[in-house]
Amino acid sequence: SRSFPICYVEGDVNCSGDVTGLDLGPIQRPSNWNLDLSEALDPRADVNRDGQVTALDLQVVQSPANWNQPVPALTCTCP
């Protein structure tokens, strides 16, 4: 069983501190896209935590509440 650090900041898949187009890449990467978390290379791509990496995760990143918004300091647990 593999374990992964998970970023709990909604939409900040790459843990850069803001939500931008760079967060879309990990979701759409073939090693993650349309896979469930047991198969996906990067479970952080499952932004909405429904167990699969799909277009629904893209919608979370692109939502007006998240898109191009900075994330609060010290809330991301990614390494």
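Sequence positions are assigned chain by chain, starting from 1 and proceeding in written order. Selection of residues for local features in this predicted model requires a pLDDT of at least 70, selection of side-chain atom pairs for listing and counting requires 80 or more, and totals for whole chains, interfaces and linings are taken over all residues. Where side-chain values are given, they derive from all heavy atoms of the structure, hydrogens and water being excluded.

### A look at the side chain of aspartate 42
With respect to the helices and strands, aspartate 42 occurs in the loop between α1 (24–28) and α2 (55–62). Accessibility here uses a 1.4 Å probe with only protein chains present; expressed as a share of the type maximum, an area under 20% marks a residue as buried, one over 50% as exposed, and anything in between as partly exposed. The buried category is assigned to aspartate 42, whose relative accessible area is 14%. Any pair of nitrogen or oxygen atoms within 3.5 Å is treated as a polar contact; in protein, a donor-acceptor pairing is required on top of that, and neighbouring residues in sequence qualify only through side-chain atoms on both sides. Only 3.0 Å separates the side chain of aspartate 42 from the backbone nitrogen of arginine 44, close enough to count as a polar contact. Secondary structure elements are defined from DSSP: runs of H or I of at least 4 residues count as helices, runs of E of at least 2 residues count as strands, and each element is numbered from the N terminus.

### So, the environment of glutamate 10
Of note, glutamate 10 is situated in the segment before α1. Judged by relative accessible area, which is 44%, glutamate 10 ranks as partly exposed. Between the C-alpha atom of glutamate 10 and that of valine 60, which follows or precedes it by 50 residues, the distance is 7.5 Å. Contacts: residue pairs with any heavy atoms within 4.5 Å of one another. Beyond its immediate sequence surroundings of up to four residues, glutamate 10 is in contact with Val19, Val47, Val60 and Asn66.

### Remarks on the side chain of asparagine 32
Structurally, the position occupied by asparagine 32 is in the loop between α1 and α2. Looking at asparagine 32, its side chain comes within polar contact range of the main-chain nitrogen of aspartate 42, at 2.7 Å. Leave out the neighbours within four places in its chain, and asparagine 32 touches Pro26, Ile27, Ala40, Leu41, Asp42, Ala45 and Val53.

### Quick notes on the pattern of salt bridges
Here, a salt bridge means any Lys or Arg side-chain nitrogen found within 4 Å of an Asp or Glu carboxyl oxygen. On inspection of all chains with the given rule, the structure shows 1 salt bridge. A salt bridge links aspartate 42 to arginine 44; the shortest N-O distance between them is 3.2 Å. Owing to a relative accessible area of 23%, arginine 44 belongs among the partly exposed residues under this scheme.

Treat this as a map of the structure, not an account of what it does.
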